[in-house]
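Here are the chains, one letter per residue:
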Amino acid sequence: MTLGISALKAAPEAIAVLISQLFARFPFGMLSIAFIIHIQAVTGSYAIAGIALGAQTIGASISGPLLARLMADFGIRRVVILSTLTTSLALLGLAFVEPEPIWLISLALLVGFSSPPIQPAARSIYPQVTPKKLMPALFSLDATSQEIIWVLGPLVATLVAASFGNVPMMITVAVIQVLGTIWFLLNKSVGSIKIPKNNNVLGKALRNPRVAAATVLGLLFVGSFAGVEVGAVALFGKTLAGVMFAVFSLGSIFGGLFLAPRFKGSNALTIFSAVTLLGYSAILVAPQEPVWVGLCLFVAGIGVAPTLGTFSLMIATGTSGSETVEAYGWTTTGQLVGFSAGSALAGISIDIVDPTAAILVSVVFGAFTVIAALLISRTSKKD
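Residues numbered from 1 in each chain as written. Predicted model: local features only at pLDDT ≥ 70, side-chain atom pairs only at ≥ 80, totals over all residues. Heavy atoms only, no water.

1. What to know about the overall build of the chain
Part 1 of the argument: Counting its secondary structure elements, the chain contains 18 helices and 0 strands.
Part 2 of the argument: For 383 residues, the compact-globule estimate of 2.2 N^0.38 gives 21 Å, and the C-alpha radius of gyration of the chain, at 19 Å, lies within 12% of that figure.
Part 3 of the argument: Seen along its three principal axes, the alpha-carbon backbone of the chain occupies a region of about 50 × 40 × 40 Å.
Part 4 of the argument: Of all 383 residues assigned to the chain, the portion counted as buried reaches 57%.
Part 5 of the argument: Approximately 15300 Å² of the chain is accessible, and the part contributed by carbon and sulfur atoms is 71%.
Part 6 of the argument: When the 20 basic and 13 acidic side-chain charges of the chain are each reduced to a single mean position, those positions are 17 Å apart. (Helix = DSSP H or I, 4+ residues; strand = E, 2+ residues; numbered from the N terminus. Rg over C-alpha atoms; globule rule 2.2 N^0.38 Å. Buried < 20%, exposed > 50% of the residue type's maximum accessible area, 1.4 Å probe, protein only. Areas by Shrake-Rupley, 256 points an atom, 1.4 Å probe, with all protein chains shown as cover. Lys, Arg positive; Asp, Glu negative; His and termini not counted. Charge placed at Lys NZ, Arg CZ, Asp CG, Glu CD.)

Below, the structure written as structure tokens:
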């Protein structure tokens, strides 16, 4: 935590960007549960809700690298403004459109495709406004602090839905998206810093072993989140599920502050992801008991922030110049593809089997994450 405070003192512009991008990305913490609650309520199907959520993440995964490159061509502000307006209108469309699956899934795809590239923009700005020696501390602080999104986001979504209904919840998401983006764009560095243009063929960044590894690992790791999110709503209802997501994120904050600083080197990523897998697996002991599930999610969360922080550091230390922003776009794409696949599989599993089957989706994705991390760590040792 001392390093985080040092970064705050020595890199004030980076911290200003970090704080504002948290608010601009706050709707991302609300979207998963908001989609599940709203679409399941209007269609009566968890499968449709899971597929729509999957469509949203597929759209975002496609647009990630594209919007990242466009920011280099047209500037951060222009791209973020246009994408924010499109996403907000699509969210409002979801709230008021006829509850036909084709319309809901199409609008969800548009929400994803136009998702503002806030995180790639912020992480491309950090190295230009932060002393190099503080970069690891900044990325650790970034990964830990963004868990605020996942603590408060689900709670806000479920509270608004419970108090006012599904439609006001969707409107709230759209309004927060607009206000958060405005705050982010007001940062001086957002307008003054130029992202280097990338003249390479789209996808060349994936030839970098670190980028490829971070992308695959992110796909598997974030894919594991989907099962517990969709499964918790089906098992316990939207309000209690929102509390559980908050507990999951509190575990992540704890892990970012106390676990991450204690493990370094090539084995750290395997340890972090194994902790998350342990928490998922333990849920299966008593999946109907909310207290037990909450405790297990806290344990699973302990590995989240350290793992995500390691992914970001892999890109920051393994790329440079114009490659960096596209690399972040691809890692975001990998994570979104994973969440998309996990959401669809979890929703279908609930409709075909039962809510507990969704937890198995998380366990499977988590197990493959640990295996991949172990293989990558052994490869890095040989190199």
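The structure having been displayed, the exposition proceeds.
2. Considerations on the packing of aromatic side chains
Part 1 of the argument: Counted by the stated rule, this structure contains 6 aromatic pairs.
Part 2 of the argument: Note on Phe221 and Phe311: the rings are 6.2 Å apart at their centroids and 85 degrees apart in plane angle, and the pair reads as edge-to-face. Linking Phe221 in helix α12 (residues 209-236) with Phe311 in helix α16 (residues 304-318), this pair joins segments that are 90 residues apart in sequence.
Part 3 of the argument: For Phe221, a relative accessible area of 2% puts it in the buried group.
Part 4 of the argument: For Phe311, a relative accessible area of 4% gives the class buried.
Part 5 of the argument: Plain terms: the ring middles of Phe254 and Phe298 are 6.0 Å apart, the flat faces sit at 45 degrees to each other, and that makes the pair tilted. Remark: Phe298 occurs in helix α15 (residues 290-302) and Phe254 occurs in helix α13 (residues 238-259); sequence separation between them is 44 residues.
Part 6 of the argument: A relative accessible area of 38% means that Phe254 is categorised as partly exposed.
Part 7 of the argument: One aromatic cluster is present, built from ring pairs that chain together Phe221, Phe225, Phe248 and Phe311. (Phe/Tyr/Trp six-rings, centres within 6.5 Å; stacked < 30°, edge-to-face > 60°.)

3. As for the environment of Leu31
Part 1 of the argument: With respect to the helices, strands and loops of the structure, Leu31 is situated in helix α3 (residues 26-43).
Part 2 of the argument: Sequence separation between Leu31 and Met170 is 139 residues; the distance between their C-alpha atoms is 8.7 Å.
Part 3 of the argument: When sequence neighbours within four positions are dropped, the list of residues in contact with Leu31 reads Gln56, Leu91, Val111 and Val173. (Contact = heavy atoms within 4.5 Å.)

4. So, helix α4 (residues 46-74)
Part 1 of the argument: The end-to-end C-alpha distance of α4 is 40 Å, a good match for the 42 Å that 29 residues give at a rise of 1.5 Å each.
Part 2 of the argument: For α4, the principal kink sits at Ser63 and spans about 35 degrees; a proline, Pro65, occurs within the next four residues.
Part 3 of the argument: Within α4, 21 of the 29 residues are buried, leaving the element largely enclosed by the surrounding structure.
Part 4 of the argument: You can read the cap of α4 off the contacts: a side-chain oxygen lies 3.2 Å from the backbone nitrogen of Ala47, and it is on Ser45.
Part 5 of the argument: Looking at the residues trailing α4, positive phi occurs at Gly75, about 95 degrees. (Expected span 1.5 Å × (residues − 1). Bend = angle between axes of the 7 residues up to and from the residue. Polar contact = N/O pair within 3.5 Å; in protein donor to acceptor, adjacent residues only side chain to side chain.)

5. What about the confidence of the model for the chain?
Interpreting fine coordinate detail is not advised for predicted regions of low pLDDT.
Part 1 of the argument: Taken as a whole, the chain shows an average pLDDT of 85; of its residues, 93% reach a score of 70 or greater.
Part 2 of the argument: Segment residues 1-5 is flagged for pLDDT under 50; beyond a separation of four residues in sequence, or across chains, it makes 3 contacts in the model. (pLDDT = per-residue confidence, 0-100.)

6. Regarding the packing of α3 against helix α5 (residues 76-96)
Part 1 of the argument: Between α3 and α5, whose axes approach to 11 Å, the crossing angle comes to 25 degrees. On the basis of their axis angle, the class for α3 and α5 is roughly parallel. For the pair α3 and α5, the sense of crossing is left-handed. Residues Leu31, Phe35 and His38 of α3 form the contact with α5, whose participating residues are Leu91, Leu94 and Ala95.
Part 2 of the argument: Split by residue class, the contact of α3 with α5 holds 5 nonpolar, 1 polar and no charged. (Axes fitted to C-alpha atoms, helices over the stretch in contact; angles between N-to-C directions. Parallel < 35°, antiparallel > 145°, perpendicular 65-115°, else oblique. Left-handed = near helix turned anticlockwise from the far one by under 90°. Nonpolar A, V, L, I, M, F, W, Y, C, P; charged D, E, K, R; others polar.)

7. Examining a nonpolar patch on the surface
Part 1 of the argument: Together, Ile19, Phe23, Val175, Val178, Leu179, Ile182, Trp183 and Leu186 line one region of the surface with nonpolar side chains, adding up to about 720 Å² of accessible area.
Part 2 of the argument: If you tally residues by element for the nonpolar patch, the top one is helix α10 (residues 166-185), at 5 residues. (Patch = residues over 30% accessible without salt bridge, like charges linked within 9 Å, V, L, I, M, F, W, Y side chains within 5 Å. Salt bridge = Lys/Arg side-chain N within 4 Å of Asp/Glu carboxyl O.)

8. Here's the deal with the environment of Pro306
Part 1 of the argument: Tracing the sequence through the fold places Pro306 in helix α16.
Part 2 of the argument: A relative accessible area of 4% means that Pro306 is categorised as buried.
Part 3 of the argument: Residues Pro306 and Gly227 lie 79 residues apart in sequence; the distance between their C-alpha atoms is 20 Å.
Part 4 of the argument: Ignoring sequence-local partners within four residues, the contact set of Pro306 consists of Gly255, Gly256, Leu259, Ala260 and Phe272.

9. Details of helix α6 (residues 101-113)
Part 1 of the argument: With 13 residues, α6 extends 18 Å between its outermost C-alpha atoms, agreeing within 8% with the 18 Å of an ideal straight helix rising 1.5 Å per residue.
Part 2 of the argument: Within α6, the full set of buried residues consists of Leu104, Leu107, Ala108, Val111 and Gly112. With its buried residues spanning 145 degrees around the axis, α6 presents them on a single face.
Part 3 of the argument: Elements that come into contact with the buried residues of α6 comprise α3, α4 and α5. (Arc of directions from axis to C-beta.)

10. Regarding the nonpolar core
Part 1 of the argument: Of all hydrophobic cores here, the largest spans 101 residues; its most connected members are Phe35, Ile76, Tyr126 and Phe184.
Part 2 of the argument: Among the elements that line this core, the one with the most residues is α12, at 15 residues.
Part 3 of the argument: If we ignore the near neighbours within four places in the chain, the residues touching Ile76 are Met71, Ala121, Ile125, Phe184, Val190, Ile193 and Ile195. (Core = buried A, V, L, I, M, F, W, Y, C linked by side-chain atoms within 4.5 Å.)

11. A few points about the side chain of Asn166
Part 1 of the argument: For Asn166, the position within the fold is in helix α10.
Part 2 of the argument: Of the residues examined, Asn166 reaches a relative accessible area of 17% and is grouped as buried.
Part 3 of the argument: With sequence-adjacent residues up to four places away left out, Asn166 is seen in contact with Ile37, His38, Ala41, Ala161 and Lys238.

12. Considering the environment of Leu138
Part 1 of the argument: One can find Leu138 in helix α8 (residues 135-145).
Part 2 of the argument: Among the residues examined, Leu138 registers a relative accessible area of 0% and is labelled buried.
Part 3 of the argument: Considered as a pair, Leu138 and Tyr126 are 12 residues apart in the sequence and their alpha carbons are 8.2 Å apart.
Part 4 of the argument: Filtering out sequence-adjacent residues up to four positions away, Leu138 remains in contact with Ala14, Ile15, Leu18, Tyr126 and Thr130.

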